[in-house]
Amino acid sequence: MTVMKVKVDYRKCLKAGECYYNHPTLFQRTENGLPKILAEEVTSDSQRREAEEAVEVCPAGAISLEE
Ligand code: SF4
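Residues numbered from 1 in each chain as written. Predicted model: local features only at pLDDT ≥ 70, side-chain atom pairs only at ≥ 80, totals over all residues. Heavy atoms only, no water.

Enquirer: Let's hear about unusual backbone geometry: which residues, and what values?
Expert: The backbone of K15 shows a phi angle near 60°, a positive value even though the residue is not glycine. Within the fold, K15 resides in the loop between strand 1 (4-8) and helix 1 (18-22). When its relative accessible area of 45% is taken as the criterion, K15 is described as partly exposed. (Helix = DSSP H or I, 4+ residues; strand = E, 2+ residues; numbered from the N terminus. Buried < 20%, exposed > 50% of the residue type's maximum accessible area, 1.4 Å probe, protein only.)

Enquirer: Mind laying out helix 2 (residues 45-57), listing which residues take part and the relevant values?
Expert: Helix length check: helix 2 (13 residues) gives 18 Å between terminal C-alpha atoms against 18 Å at 1.5 Å per residue, within 8%. Taken as a whole, helix 2 has its buried residues at Q47, A51 and A54. Burial along helix 2 is one-sided: seen end-on, the buried residues are contained in an arc of 55°. Looking at helix 2, the residues exposed on the side facing more than 90 degrees away from the buried face are R49 and E56. (Expected span 1.5 Å × (residues − 1). Arc of directions from axis to C-beta.)

Geometric values such as these leave the question of function open.
Dropping the structure here:
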């Protein structure tokens, strides 16, 4: 499969937390409420599904997946 990269646009992030609360294998909450990306490269199908879900639920549209 194609390796995808998870990106967060920190200028858009509202610190709402959906990403790290729902996908703790991909994101971790940092002290200031912004997400830290734990798996920058998505290498498995299950990770990819999680990442796509994170993109969909982010209320700020701040998460993206890039090839
Ligand atoms: S779900 Fe979106 S807005 Fe919320 S913390 Fe994650 S990146 Fe930021």
